[in-house]
Amino acid sequence: GQPGFAMAQMFSYALFFWSMVAAAFFLCLPPLGVMLAGLLSALNPIAVHVGTHYWLDGPLLAFSAFSLAVFAAAIARRSWPLAACAGFILGLASLIKITAFLVMPGFALLALVLLERPKLKLFIGLSACLFATALLVQLPWEIWQWMVFGTPFPGWAGKPSQARIESNQYVRYLT
């Protein structure tokens, strides 16, 4: 019911926060850097803003950050299974909103910076593992939409209904 939405938003905010702290830890920041990452994450205006509304952006942000933390651990440990796990989590985020894939260039750059030059093969492998796994999670949904609606990216998706436009001034203004 209604209280579940608030609980989901709070869970998302907490997952975002702890994921950013974990990512800072796996990026080998000094303890003060990890604490600063936690402070900045807790006060992040985007996370706070989407956390106060019943929007999909809160869970999207949380699962994207969680994927980042797991991918940072994969880089730190040179672990293919962790990279695949990070890709699975990012794939779940993409099922919330496909815009989750917009973090991929940032993840790849992070891996490139953290891995030494001779490890270029490892960088390509871990990044490819992350992306391929995330794509495999998203792909069945796109295929289903293609079979049912005739396109994997229906144009009406994400557009508000007429009742929503009429009942919300902000949505009316945007549309």
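These numbers were taken from a predicted model, which means no experiment stands behind them.

Moving on to the packing of helix H1 (residues 2-26) against helix H4 (residues 57-77). Between two packed helices, what matters for the description is the angle formed by their axes and the separation of those axes. Viewed as axis vectors pointing N to C, H1 and H4 meet at an angle of 20°, and their least axial separation amounts to 8 Å. Taken together, the axes of H1 and H4 are roughly parallel relative to one another. Considering the relative orientation of H1 and H4, their crossing is left-handed. For the contact of H1 with H4, a count of residues per class yields 18 nonpolar, four polar and one charged.

This next bit is on the packing of aromatic side chains. Applying the stated rule across the entire model yields seven aromatic pairs. Ring geometry for Trp-141 against Trp-144: centres 5.1 Å apart, planes inclined by 15°, an arrangement best described as stacked. Here Trp-141 and its partner Trp-144 are both found in helix H7 (residues 120-149), three residues apart, which amounts to about one turn of the helix. What makes Trp-141 partly exposed here is its relative accessible area of 40%. Overall, the relative accessible area of 40% leaves Trp-144 in the partly exposed class. Within the aromatic cluster, the residues linked to one another by ring pairs are Trp-141, Trp-144 and Phe-149.

It is worth spelling out unusual backbone geometry at this point. Positive phi outside glycine occurs at Cys-28, with the angle close to 65°. Looking at where Cys-28 falls in the secondary structure, it is placed in the loop between H1 and helix H2 (31-42). Of the residues examined, Cys-28 reaches a relative accessible area of 64% and is grouped as exposed. Positive phi outside glycine occurs at Arg-78, with the angle close to 55°. Assignment of secondary structure puts Arg-78 in the loop between H4 and helix H5 (80-96).

Thresholds, definitions, all that
- Residues numbered from 1 in each chain as written.
- Predicted model: local features only at pLDDT ≥ 70, side-chain atom pairs only at ≥ 80, totals over all residues.
- Heavy atoms only, no water.
- Axes fitted to C-alpha atoms, helices over the stretch in contact; angles between N-to-C directions.
- Helix = DSSP H or I, 4+ residues; strand = E, 2+ residues; numbered from the N terminus.
- Parallel < 35°, antiparallel > 145°, perpendicular 65-115°, else oblique.
- Left-handed = near helix turned anticlockwise from the far one by under 90°.
- Nonpolar A, V, L, I, M, F, W, Y, C, P; charged D, E, K, R; others polar.
- Phe/Tyr/Trp six-rings, centres within 6.5 Å; stacked < 30°, edge-to-face > 60°.
- Buried < 20%, exposed > 50% of the residue type's maximum accessible area, 1.4 Å probe, protein only.

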